[in-house]
Amino acid sequence: MTKKKKRSVIARIFRGIAALLFLLTIALIAIPYFFKDELKDMALKEADKYLLAKVDLKDFDLTFISSFPKMSIQLEGLKLTGKDAFEGVELVNVNNLEAKVNFWSVISGDKIEVEGIAIDQPKVNVQVLENGLANYDIMKPDSVVAAENPADTASNFVFKLKEFTINEGDIIYADKAGDMMMELLALNLSGDVGIVNEAYEVNTKADMKSLTFNYDGIDYLSKVATKMDVGMLMEMTDETMKFTFTENQFELNALKASLDGYYAMLEGRDEMDIKLITAETKFKDLLSLIPAFYTTGYESMATGGKLALNAWVKGTMDEVNMPGWDIDMKVDNASINYPDLPQGIDNINIDLNTKFAGGADLDKMTLDINKFTAKFAGNSLDANMKLRNTMTDPYIKAGVFADVDLATLGQVMPLAEGESYNGQLKSDLALEGRYSSIEKEAYDEFKASGNLSLKDVLYKSPDLPQAVEVENLAFAFTPQDMKLTDLKAKMGKSDFNASGTVDNYLAYALKDEPLKGTFNYSSNLLDMDDLMPASEEVASTEEETTTESSSDEVILVPGNIDFVLNAKINKLIYDGMEINNVTGDVVLRDEKASISNLKMDALGGGVLLNGTYNTQDHTTPKLDFAYDLKNLNIQELTKNFMTIEQMAPIAKYAQGLISSNFSMSTNLNADFTPDFTSLTANGDLFTQAVKVSGFKALQKMENVLSISNLDNREFKDIKAYFAVEDGKLSVKPFKLNLGQGITADVEGTTSLEQDIDYTLKMLIPKALIPKSAVDAAEKAIAQANKIPGFKMDGLPDQLPVTALIGNKITDPKVTSNLKEALLEQGGGIKDGVKNLVDEGVQNVKDTVNATIDKAKEDLGAAKEAKKKEIMAEAERNANKFRAEGKKAADAIRAEAEKGAQKLMDEAGSNPLKKKAAEVAGNKLKKEAEERAIKVENEANAKADKVIADAQKRVDAL
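Residues numbered from 1 in each chain as written. Predicted model: local features only at pLDDT ≥ 70, side-chain atom pairs only at ≥ 80, totals over all residues. Heavy atoms only, no water.

## Thoughts on the overall build of the chain
So, point 1. Counting its regular elements, the chain contains 17 helices and 37 strands.
So, point 2. When burial is assessed residue by residue, the chain has 35% of its 957 residues classed as buried.
So, point 3. Counting only contacts in the chain whose residues sit at least 6 apart along the sequence, the fraction spanning at least 24 positions is 53%.
So, point 4. Within the structure as shown, the chain displays about 55,400 Å² of accessible surface, and the carbon and sulfur contribution to it stands at 55%. (Helix = DSSP H or I, 4+ residues; strand = E, 2+ residues; numbered from the N terminus. Buried < 20%, exposed > 50% of the residue type's maximum accessible area, 1.4 Å probe, protein only. Contact = heavy atoms within 4.5 Å. Areas by Shrake-Rupley, 256 points an atom, 1.4 Å probe, with all protein chains shown as cover.)

Right, here's the structure in full:
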């Protein structure tokens, strides 16, 4: 081969490589464009196929260059929102989700292989209702998927994850059925997946700013900073999964631990064998889980002593059985010292163990706190407990012995700025026996004795508006009950005195039975404004306010308490109101809080209240409320109760005393405001005398009737009945004396939006009617009486006039029928005219009627013919528009089909070009279909308008 030929071959090779690189570059840019819409539709259809949730997607993008050789699918603003019981509740809200997929799986169009997922700022809100219904249970059953997609039940996506990340995620798990809550804030997680001997090797690193775990009302972890580095092997079959821990470490604040063992999810049961390893854990690390120690001076804290913490769980868990466990913690001769404080906490000893062998009989579970002791600054604490047979006949042996000078707390541990303690805490409580002894009232077989007391306590904190002073608080324990023998306390200006009995504290502690108690409470002064001053903080933006209010949860009355509180308060100050001689009962029972016969002197009169706040429906609390008011000052009542001004706006302009009975039933929102759509109420209002001034409706009625002194007047002996329903206050007809001899029957409605609609049927003395109007009416009557045979009476002394008051309470519109009433009451003009002409008219009536009937027939036939002609012409024109629109739309579709086929022909047999041509052709046909439908819709709209215009012409005839 000559040199020239060699150079030619080499040149062709380089040109070929250059052309190939150019084509690949074009493909890298063009392929995402071709496949973007197809993959987006595929993803949304996939979600709709399998999910019982609403899926929203703000934007979708497809890239290739930055992730080569993988293709990157990005979902921006992805939301999953619940339906039915979770309507409007967001399960997932993701800022951005990126999935890396296998390039050739996209090209083949068969199964899209997902190899990596990156989730940015996900907000996950998992909720489980008390009935067990969970908002994460959004997967459609296989039977439903098969029924809805009979030809396609297989997923278009296959997960072959090799890497996954989460950035700044927040996850909340709230399980009301299990009484459990977990909150993970600012979660960052990354991991990778590999294959080892037909198993998946998963390595995960995670950290979160805050981890909180609450179970049965107790915070076991509270805002704990957490780190995890977890390795595990995942073995999976069609019906089983097994997770085996390899190298791993968990950090909870300063506590470090690791897990050894496995967890297997098998058909019908779970098997596990997991051991907690804490070989290097120190006592100080354990204290980091206690907020009081970790949040103040933890870094400078010095500790001593030994800690041994061991735990394992092993066995089978299914619907009947529980795995066995053994948790053991021992602290030996530990101490806590802070360098800046004069004394420390010494002789800390803890010996705690709980174990269960496993199986179905949880009655064999044991709990032992053999030792819990500490000494500091001359004080001592000693507690112990043993618990057996918790499921059948619980046995308890426990003691709590303490003698603590609270003033010494500041000598051994840091206190917040402005925080201080004084006083003495003492306890010598001892319990031993079986619960069956309490059930059969064999109290001599159960030991329960001792006292718990606080004396001369003074507690100050910047978090409290006032210092708390406890002169004496004393509990005495017996097998039968726990007595509050004395409570004397003060906070600010307010004093508290109480005594009472809790009847079944042991049944509550050992068998979870409702806690029953009766208490007597008294106070000379209870100043709520002093105890709960108004907050000076104002939400900076409307958005912040909305966010906070939207997170409000219903405040529930506990279902496991049965308390009766007999209250007597000499003076109560609330929101500036001074209320005296408060007596009555407050009952907490069956998830309801009730007030019974609560009497008080307030607002210048007497008040009797009864009501129930019912939270048996945990999502929608209900309020039943009734009052009986006697001689209350109207202005004070309006100023202090917003509902009065809303439903009876005239009260704002009134002065005097009123009495009223009222009963109301309504559902409540989470912020305790009424749900006015459910509110029903009825009541009455009585006043002997009330003065109204400045009420716009009366002022405008003066102008309409040309009668002065309707406003700024005293009304006497008013008795009105009202009801509230469908968001409106409806006032039943009642008598009202407007003065100057004017009486009225009043009725109407006021809505929550302050719309008013009232009718006043009045009797007005003729002397109050403007003289010009009376003279004009009487002159007309005199002229009519000059007609031979015609006789009209004069105006009566009182004229019936109707006034209508509407629009808004702040801008009322007033109309009346005064002019019409003047003529109608002039002796009956209509009847006089009728009697005068009846005789003459009768003579020609028959002839005229015959002529009119004939004319009506002719005119009617002509109208019907004209109507048919108009509608027929309109129908012809409308059909023409529709036909032209369909023709144009079909032309657009045909052109798109032709263009799509041309693209396929030009692609030839090249699979890459054919796929690109198919995608481009589908997009072309989709856009053409949208234009065709638009053309058809516009043509149909023109046709409909032609018919509608013709119908208007017909109706005018």
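## Here we look at the nonpolar core
So, point 1. Among the nonpolar cores identified, the biggest contains 119 residues, and Ile336, Tyr505, Met701, Leu738 and Met762 are the most heavily contacted of them.
So, point 2. Excluding residues within four positions of it along the chain, Met701 makes contact with Ser706, Leu710, Leu738, Leu760, Met762, Ala803 and Val814.
So, point 3. Counting 21 residues, the second-largest nonpolar core is a separate cluster that includes Val202, Leu211, Met232 and Met234. (Core = buried A, V, L, I, M, F, W, Y, C linked by side-chain atoms within 4.5 Å.)

## Comments concerning the confidence of the model for the chain
So, point 1. Looking at the chain, pLDDT values average 80 and 80% of them are 70 or higher.
So, point 2. Here helix α10 (residues 542-550) stands out as the element of the chain with the lowest mean pLDDT, 38, in contrast to strand β14 (residues 345-356), whose mean of 96 is the highest.
So, point 3. Of the regions scoring below 50 in pLDDT, residues 9-34 engages in 16 contacts with residues more than four places distant in sequence or in other chains.
So, point 4. This model gives residues 536-551 a pLDDT under 50, and the stretch forms two contacts once residues within four places in sequence are excluded. (pLDDT = per-residue confidence, 0-100.)

## Considerations on the pattern of salt bridges
So, point 1. Tallied over the entire structure, the rule returns 24 salt bridges.
So, point 2. In this structure, Lys123 engages Asp170 in a salt bridge whose closest nitrogen and oxygen atoms are separated by 2.9 Å. Pair noted here: Lys123 is in strand β4 (residues 112-128) and Asp170 is in strand β5 (residues 157-175), with a separation of 47 residues, a long-range link.
So, point 3. Of the residues examined, Asp170 reaches a relative accessible area of 22% and is grouped as partly exposed.
So, point 4. Asp755 is paired through a salt bridge with Lys808; the nearest N and O atoms lie 2.8 Å apart. With a gap of 53 residues between them, Asp755 in the loop between β34 (742-751) and β35 (756-765) and Lys808 in strand β36 (residues 798-808) connect regions that are remote in the sequence. (Salt bridge = Lys/Arg side-chain N within 4 Å of Asp/Glu carboxyl O.)

## Remarks on the environment of Ser210
So, point 1. Here Ser210 is to be found in strand β7 (residues 199-215).
So, point 2. We classify Ser210 as buried; its relative accessible area is 8%.
So, point 3. Sequence-wise, Ser210 and Val224 are 14 residues apart; in three dimensions their C-alpha atoms are separated by 5.0 Å.
So, point 4. Setting aside anything within four residues of it in sequence, one finds Ser210 in contact with Glu183, Leu184, Leu185, Lys223 and Val224.

## Overview of a negative patch on the surface
So, point 1. Together, Asp179, Asp216, Glu439, Asp512 and Glu513 give the surface a local cluster of negative charge.
So, point 2. Looking at the element boundaries, Asp216 is found in the loop between β7 and β8 (218-236). (Patch = residues over 30% accessible without salt bridge, like charges linked within 9 Å, V, L, I, M, F, W, Y side chains within 5 Å. Lys, Arg positive; Asp, Glu negative; His and termini not counted. Charge placed at Lys NZ, Arg CZ, Asp CG, Glu CD.)

## Re the pairing of β7
So, point 1. As paired strands, β7 and β8 are joined by 13 bridges and run antiparallel to one another. Bridging across to β8, Met208 finds its partner in Thr226.
So, point 2. The hairpin turn running from β7 into β8, its antiparallel successor, is two residues long, and Asp216 in that turn takes a positive phi close to 55 degrees. (Pairing = 2+ DSSP bridges.)

## With respect to the packing of aromatic side chains
So, point 1. Applying the stated rule across the entire model yields eleven aromatic pairs.
So, point 2. Seen from their ring centres, Phe213 and Tyr220 are 6.3 Å apart, and the 45 degrees between their planes marks the pair as tilted.
So, point 3. Note on Tyr220: relative accessible area 47%, which makes it partly exposed.
So, point 4. Judged by centre distance (5.4 Å) and plane angle (45 degrees), the rings of Tyr653 and Phe695 are tilted. Remark: Phe695 occurs in the loop between β31 (680-692) and α13 (696-705) and Tyr653 occurs in the loop between α12 (642-647) and β30 (654-667); sequence separation between them is 42 residues.
So, point 5. On the basis of relative accessibility, which here comes to 24%, the residue Tyr653 falls in the partly exposed class.
So, point 6. Overall, Phe695 belongs to the buried group, its relative accessible area being 10%.
So, point 7. Aromatic rings pair up to connect Phe625, Tyr627, Phe662 and Phe722 into one cluster.
So, point 8. Above the plane of the ring of Tyr262 lies Lys242, whose end atom (NZ or CZ) is 4.6 Å from the centre. (Phe/Tyr/Trp six-rings, centres within 6.5 Å; stacked < 30°, edge-to-face > 60°. Lys NZ or Arg CZ within 6 Å of the ring centre and 35° of its normal.)

## Examining unusual backbone geometry
Outside of glycine, negative phi angles account for most residues, and trans bonds account for most peptide bonds.
So, point 1. One non-glycine residue, Gln740, adopts positive backbone phi at about 60 degrees.
So, point 2. With respect to the element layout, Gln740 can be found in the loop between β33 (728-739) and β34.
So, point 3. The class for Gln740 is partly exposed, based on a relative accessible area of 32%.
So, point 4. One non-glycine residue, Asn807, adopts positive backbone phi at about 75 degrees.
So, point 5. Mapped onto the elements, Asn807 comes out in strand β36.
So, point 6. For Asn807, a relative accessible area of 36% puts it in the partly exposed group.

## Some details on the pairing of β14
Side-chain positions along a regular strand alternate between the two faces of the sheet.
So, point 1. Bridge count for strand β13 (residues 324-337) against β14 is nine bridges, and the pairing is antiparallel. Bridging across to β14, Trp325 finds its partner in Phe356.
So, point 2. Where β14 meets strand β15 (residues 366-376), nine bridges bridge the pair, whose relative direction is antiparallel. Note that in β15 the partner of Ile350 across the bridge is Phe372.

## Remarks on the side chain of Ser335
So, point 1. Summarising the element assignment, Ser335 is placed in strand β13.
So, point 2. Apart from residues no more than four positions distant in its own chain, Ser335 is found in contact with Phe283, Ala302, Thr303, Gly304, Ile345, Asp346 and Ile348.

## Notes on α13
So, point 1. Among the residues making up α13, those that are buried are Ala697, Leu698, Met701, Glu702 and Leu705. For α13, the buried positions fall inside an angular range of 145 degrees around the axis, keeping them on one side. (Arc of directions from axis to C-beta.)

## Looking at a nonpolar patch on the surface
So, point 1. A cluster of nonpolar side chains, Ile195, Tyr200 and Met236, forms an exposed patch at the surface whose accessible area comes to about 320 Å².
So, point 2. Take Met236: it is sitting in strand β8.
So, point 3. On the accessibility criterion, Met236 (42% relative accessible area) is partly exposed.

## Side note on the environment of Asn497
So, point 1. By the element assignment, Asn497 lies in strand β23 (residues 494-502).
So, point 2. C-alpha separation for the pair Asn497 and Asn472, spaced 25 residues apart in sequence, amounts to 9.7 Å.
So, point 3. Ignoring anything within four residues of it in the chain, the contact list for Asn497 reads Leu487, Lys488, Asn520, Tyr521 and Ser522.
So, point 4. Separated by 3.3 Å, the side chains of Asn497 and Asp495 make a polar contact. (Polar contact = N/O pair within 3.5 Å; in protein donor to acceptor, adjacent residues only side chain to side chain.)

## Describing the environment of Leu637
So, point 1. Looking at the element boundaries, Leu637 is found in helix α11 (residues 634-640).
So, point 2. Using a relative accessible area of 6% as the deciding quantity, one classes Leu637 as buried.
So, point 3. For the pair Leu637 and Ala651, spaced 14 residues apart in sequence, the C-alpha separation works out to 8.8 Å.

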